[in-house]
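Observations on the three-dimensional arrangement
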Amino acid sequence: VRLGALVDQLDENGVPGQFKPGQIKLALGAVGINIDAIAESIGDVGGFVEGSDQATFGGTLLVETDNATEAKKTIANLGRLLRQVGASGVTAISGELSGFSVHSPTLGPRPLIVGAEGEKVVIAYGAMAAAQALRTQGKALGTTADFEAAKKALGSTPIRAFVAGGSVLTLGTELLAPKEPLDAAAVAPSLR
């Protein structure tokens, strides 16, 4: 329901230079996107980012919904809207996951994939990450040695996020270089 409140507030205020107050929901509704229905149907939200270097980097945001039909329709309408306004690199996808992908040099070598499958909505960087998010069986984070060690170290304090420091340091160094070199020596103690 927080999404609904956020969109309501955005709709009330508008977006300077883009939408006057009260026009956002009308514009989305005109292309078949019902934000209120989407907000009401959202269940659990989770995600992951993985990779130790640019070649293995990927990630997914996974949203569960109790209205698979609305989710699929919304994703299709959003993809159609992007293609109609001339967004480059937007391609419809179908199969196990239906929706669209966006290929762009600014996104890097992998596409951004937005799709719905059953009661799941997936926003993923890369096809492998999208497939991994849709798998019903697979290695869960809670079964890895590093996660178990972190959980044990925290005791009864719940884990809200988990980051493997060494991998983040390697990935950060690779992604930021050479524009903004990361001082690995300065951040390494924090990541340990």
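First things first, this report covers the structure right here in the doc. Each chain has its residues counted from 1, following the order in which its sequence is written. Selection of residues for local features in this predicted model requires a pLDDT of at least 70, selection of side-chain atom pairs for listing and counting requires 80 or more, and totals for whole chains, interfaces and linings are taken over all residues. The basis for the side-chain values is all heavy atoms of the structure; hydrogens and waters are excluded.

Brief notes about the pairing of strand E5 (residues 112–117)
Each pair of strands is called paired provided DSSP finds at least two bridges between the two strands. Comment: elements are numbered from the N terminus, with helices defined as DSSP H or I runs of at least four residues and strands as E runs of at least two. Where strand E4 (residues 98–102) meets E5, 5 bridges bridge the pair, whose relative direction is antiparallel. Of the residues in E5, the one forming a bridge with Ser101 is Ile113. One ladder, built from 6 bridges, connects E5 with strand E6 (residues 120–125); its direction is antiparallel. Bridged to Glu117 within E6 is Lys120. The antiparallel hairpin formed by E5 and E6 contains 2 residues in its connecting segment, where Gly118 sits at a positive phi of about 60 degrees.

Digging into the nonpolar core
The nonpolar core is taken to be a set of buried Ala, Val, Leu, Ile, Met, Phe, Trp, Tyr and Cys residues, with the residues joined through side-chain atoms within 4.5 Å. Between buried and exposed lies partly exposed: a residue is buried under 20% and exposed over 50% of the maximum accessible area for its type, with that area taken using a 1.4 Å probe on protein chains only. Ranked by size, the top nonpolar core spans 9 residues in total: Val63, Ala71, Ile75, Val90, Phe100, Val102, Val114, Ala116 and Val121. Put simply, the parts of the chain that give this core at least two residues each are helix H4 (68–84), E4 and E5. Setting aside chain neighbours within four positions, we find Ala71 in contact with Thr65, Ala116 and Val121. Counting residues in hydrophobic clusters, the runner-up holds 8 residues, among them Leu62, Leu97, Val122 and Ala129. By definition in these notes, contact holds between two residues if any of their heavy atoms fall within 4.5 Å.

Re the side chain of Lys120
Residue placement: Lys120 occurs in strand E6. Only four residue types enter the tally: Lys and Arg on the positive side, Asp and Glu on the negative side; His and the chain ends are excluded. Only one rule defines a salt bridge in this text: a Lys or Arg side-chain nitrogen within 4 Å of an Asp or Glu carboxyl oxygen. In this structure Lys120 is buried but unpaired, with Glu117 as the nearest side chain of opposite charge at 5.2 Å. When neighbours within four sequence positions are excluded, Lys120 is seen to be in contact with Leu62, Val63, Thr65, Gly115, Ala133 and Leu134.

Some words on the sheet that holds E5
Taking strand neighbours across the sheet as the criterion, the 6 strands line up as E1-E2-E6-E5-E4-E3 in an open arrangement whose pairing is antiparallel. The sheet terminates laterally at strand E1 (42–50) and strand E3 (90–93), the two strands that pair on one side only. Going from strand to strand, the sheet's axes swing by 15 degrees on average, the running direction of each strand aside. Judged from the 7 bridges that link them, E1 and strand E2 (residues 58–65) form a sheet pairing that is antiparallel. Residue pairing in the sheet places Ile42 in a bridge with Thr65 of E2. Throughout, an axis means a line fitted to C-alpha atoms (over the contacting stretch in the case of helices), and angles, computed between N-to-C directions, take values from 0 to 180 degrees. The sheet strands contacting H4 are E2, E3, E4, E5 and E6, and the helix crosses E4 at an angle near 35 degrees. Taken strand by strand, helix H5 (residues 127–134) contacts E1, E2, E5 and E6, and its axis lies near 150 degrees from that of E6.

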